[in-house]
Number of protein chains: 2
Amino acid sequence: MADWQEISGGVTAPRGYQAAGITAGLKPSGLPDLALIWSNVEAMAAGVFTTSQVKAACVDYCRQRLQAKHSARAILCNAGQANASTGIQGVRDAEESAEILARELNISPESILLASTGVIGQRIKMDALRTGIPKVVAALSETGSDAAAKAIITTDLVKKSIALETTIGDRPVRIGGIAKGSGMIHPNMATMLAFVTCDAAVSSHLWQQMLGRAADKSFNAITVDGDTSTNDSLIALANGQSRTPAITEMGAEAEKLEAMLTALCQHLAKAIARDGEGATCLIEVQVTGAYDEVSARQIAKTIAGSSLVKSAIFGRDPNWGRIAAAAGRAGVNFEQDNLQIKLGDFLLLENGQPVPFDRAAASAYLKQTAADSSLPRDPSNNFSWQRTDNPVIIAVTIGNGHGSGQAWGCDLSYDYVKINAEYTT
Amino acid sequence: MADWQEISGGVTAPRGYQAAGITAGLKPSGLPDLALIWSNVEAMAAGVFTTSQVKAACVDYCRQRLQAKHSARAILCNAGQANASTGIQGVRDAEESAEILARELNISPESILLASTGVIGQRIKMDALRTGIPKVVAALSETGSDAAAKAIITTDLVKKSIALETTIGDRPVRIGGIAKGSGMIHPNMATMLAFVTCDAAVSSHLWQQMLGRAADKSFNAITVDGDTSTNDSLIALANGQSRTPAITEMGAEAEKLEAMLTALCQHLAKAIARDGEGATCLIEVQVTGAYDEVSARQIAKTIAGSSLVKSAIFGRDPNWGRIAAAAGRAGVNFEQDNLQIKLGDFLLLENGQPVPFDRAAASAYLKQTAADSSLPRDPSNNFSWQRTDNPVIIAVTIGNGHGSGQAWGCDLSYDYVKINAEYTT
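This structure is a prediction, so every number in the text was calculated from the model and none was measured.

Moving on, we get to the overall build of chain A. When helices and strands are counted, chain A shows eleven helices and 17 strands. In terms of overall size, chain A behaves like a compact globule, its C-alpha atoms giving a radius of gyration of 22 Å where 425 residues would be expected to give roughly 22 Å. A principal-axis box enclosing the C-alpha atoms of chain A has dimensions of 70 × 55 × 40 Å. Every one of the 425 residues in chain A was classed for burial, and the buried ones make up 64%. For chain A, the share of sequence-separated contacts (at least 6 apart) that also reach a separation of at least 24 residues comes to 80%. With the model as given, the accessible surface of chain A reaches about 15,000 Å², and the carbon-plus-sulfur share is 48%. With 37 positive and 43 negative side-chain charges, chain A shows a separation of 4 Å between the mean positions of the two kinds.

Here we take up the interface of chain B and chain A. On the side of chain A, 58 residues touch chain B, which itself brings 59 residues to the contact. Taken over both partners, the interface formed by chain B and chain A buries close to 4,700 Å², and the fraction arising from carbon and sulfur atoms is 52%. In this structure, the connection of chain B to chain A is made through zero salt bridges. Scanning the region where chain B abuts chain A turns up ten residue pairs in polar contact (both at pLDDT 80 or more). Secondary structure elements with two or more residues in the side of chain B that touches chain A: α2 (87-105), α8 (307-314), α9 (320-328), β15 (353-354) and α11 (414-422) of chain B.

With that settled, the discussion passes to the nonpolar core. One finds Trp207, Leu257, Ile303 and Ile394 of chain A together with Phe195 of chain B to be the most contacted residues of the largest nonpolar core, which totals 135 residues. Excluding residues within four positions of it along the chain, Leu257 of chain A makes contact with Ile168, Val173, Ile175, Cys198, Ala200, Val202, Trp207, Met210 and Ile247 of chain A. One finds Ala221, Ile272, Val287 and Trp408 of chain B within the second-largest nonpolar core, a separate group that totals 134 residues.

To continue, consider the relation of the copies chain B and chain A. Superposing chain B onto chain A requires a rotation of 180° together with a translation of 0.0 Å along the rotation axis, leaving an RMSD of 0.0 Å. Each copy turns onto its partner about a two-fold axis. For chain B, the minimum C-alpha distance to the rotation axis belongs to Tyr414 of chain B and amounts to 2.9 Å. Comparing interface residues between copies, 98% of those in chain B also sit at the interface in chain A, which points to an isologous, same-surface contact.

Helical geometry: 3.6 residues make up each α-helical turn, so side chains three or four residues apart lie on a common side. All names here are of chain A. Given a rise of 1.5 Å per residue, twelve residues ought to cover 16 Å, and the 17 Å separating the end C-alpha atoms of helix α1 (residues 57-68) matches this to within 8%. Among all positions of α1, only Ala57, Cys58, Val59, Tyr61, Cys62 and Leu66 are buried. Of the surrounding secondary structure, the elements contacted by the buried residues of α1 are β3 (34-49), α2 (87-105), β5 (112-119) and β11 (233-238).

All names here are of chain A. Strand order in the open sheet made by the seven strands is β10-β17-β12-β16-β13-β14-β15, with mixed pairing throughout. Both edges of this open sheet fall to β10 (222-223) and β15 (353-354), since each of them pairs with a single strand only. Note: strand β12 (residues 282-290) against strand β16 (residues 392-397), six bridges, orientation parallel. Each bridged residue has a counterpart across the sheet, and for Thr288 the counterpart in β16 is Thr397. Taken strand by strand, helix α6 (residues 252-274) contacts β10, β12 and β17 (403-410), and its axis lies near 40° from that of β17.

How each quantity is defined
Residues numbered from 1 in each chain as written. Chains lettered and ligands numbered in written order. Predicted model: local features only at pLDDT ≥ 70, side-chain atom pairs only at ≥ 80, totals over all residues. Heavy atoms only, no water. Helix = DSSP H or I, 4+ residues; strand = E, 2+ residues; numbered from the N terminus. Rg over C-alpha atoms; globule rule 2.2 N^0.38 Å. Buried < 20%, exposed > 50% of the residue type's maximum accessible area, 1.4 Å probe, protein only. Contact = heavy atoms within 4.5 Å. Areas by Shrake-Rupley, 256 points an atom, 1.4 Å probe, with all protein chains shown as cover. Lys, Arg positive; Asp, Glu negative; His and termini not counted. Charge placed at Lys NZ, Arg CZ, Asp CG, Glu CD. Buried area = accessible area lost by both parts, 1.4 Å probe. Salt bridge = Lys/Arg side-chain N within 4 Å of Asp/Glu carboxyl O. Polar contact = N/O pair within 3.5 Å; in protein donor to acceptor, adjacent residues only side chain to side chain. Core = buried A, V, L, I, M, F, W, Y, C linked by side-chain atoms within 4.5 Å. Least-squares fit on C-alpha atoms with pLDDT ≥ 70 in both. Expected span 1.5 Å × (residues − 1). Pairing = 2+ DSSP bridges. Axes fitted to C-alpha atoms, helices over the stretch in contact; angles between N-to-C directions.

Structure (structure tokens):
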């Protein structure tokens, strides 16, 4: 099937990368809170950022950097303060962070990208950061991915990391990625972050295009509660250290690289959705028969984001009516007489009309899937791996078109409300 | 301020209308489930219907009727079965309902409009309906509005009804309305319905325009959980029985009538939002300083619909960060440095940056507002009036534009999840 294999090592799996994660005293909890990813050589750099009108200083900073220069060597990420809604002082703090790091790494500040996650409206604790930067640089190592993955999370239950390997021109090429979800346990705290490293040699223009398309099929296709953060950032580096032939235009090798990049982003995106606040299972919505991919994804995402569908799944209720209603309001034209809905192997609706099915067995499917994919609740086991390979599957066909698309989400539980209502200021 | 006053009588307050609500045996609960609104003369008829691609037979039926003829004399509404996703048989059931009623009323079926609410995928219980129609016709009365208002609700905690009166050409003109909310306690059950009667003399074209604009500022500006129903219908009749001068083009009198119609629709819409599942308070979001009304409403609705904002209000948490984040992702351009956010009288954000405020007092404001607007929970008091005049106010300014807009929603509580997850099939 897939033309690649999973390997260990996260963002340090590709050649020529080091990473680190340390406790710099930014988070009140005393957990790791400063991460650095470093390429031994200048790497092609691409980014996809929040479309929100209210955005953090680091987002504006990265957009400007990447507009001026399509390469970078380091990504610095602090957790604890989002540095959003912090005005001109927030911008200065971001710039100072880059300058301090540039001096420590002996590179130009233009080669540094920044990300922040934490409480909106709070500036970065600059004293702690100034002390922390030399330490995180000193901690850089070729096995530092896990430490970095832990240092970027805030309220996530598990860390999110993966690496994949394929061959291009008969030589191995690797991609690694770490991510954090949009945990909002703390008031005003939000952010989806993902950092990708790759050792392929690829032109910056193509790399940015690939990343944009991969993001549409992964991070832009997940929804936990519909809320977009001020700090959402996806940054990808490609440093060419695999010494494989340079990919400068679309073709078989570019497609292979893009497919692997997409798979990596989808894994991280699903891991974020699975770890949605209070979620008990991952939901995958597959839409086929649409006019094009965009409309298929739009329907998939509307279903995955429907509070009514999400609460029905939490209630282990094979409620096709809510799925049909969500599909119908997605803003995509279709003939309701063509609508087909499946939940796992259970056909619930065909030709727009209900089909008799074994309701108890369908409910049992939901129960079993959730049980199989339960996250570790033991705090001492906080960072163990999570399963994203057994989602609840909702399959919807809306017609005879060739467009298909997927989206991922999670169920809506009491814990979502508890987490978001009771952790008050 | 307002150029009208509230009067009693609901949809039978305007001249020339009768209404009835009876128990026809459609709802399993044995509660009233068949309503009829009747105009003594042919009335101008306008409608706004669900935009969902999956829609009930009655919605297609009404759209066709109103396309062919812009007037009607009767609205029949059954509660219990939605008659959506019921295929060609559902269409035939709708047509037969109209034919039976036409015979009983001795009018043409072309003068009959239909609405259904209840379980998606279930046909109307036609035997019960056939027996019920003569009874509901026999029950018509000039004081029948309350009975009709009770017969159209499904899982609403309170009935929704209002009537307003103004003068046009020195003579009284009245508008009445009843509505039901999108209660989804029962699986697959949904629908927002509103029926408006008016005794003004107004041209059908103008009446439809007025209703469309009023709907945008009321029913289209509320959100309980973002899910749109297969059956949502707003139908308005204007029968000219006030004997006031005919309104055929926009002008002072048309504006007066439209303003009163808008106020009536806003009252009913707010009542629906307040009665959202599990809600403990009504939330009103006021957006000003936008480029135009449409973008202002879009931001207002995004904030009112944000799960994070809704859970924060349930937690009585003055969480401006979530409000700012929701505003930012609404799809409307603005400068974040111009953003101002107020919660009640508390200024939380100015020039895009947090302002020191009394957090405990702001939380107390939320607690007090919710306490003041609590709904009756005593089943014996099931149908008492509810307050929509003291919402939690979130006021957002995004710039210096002249566009302003409002939206309404409710908070997100444990009960929402409980209602939607635990009432399983």
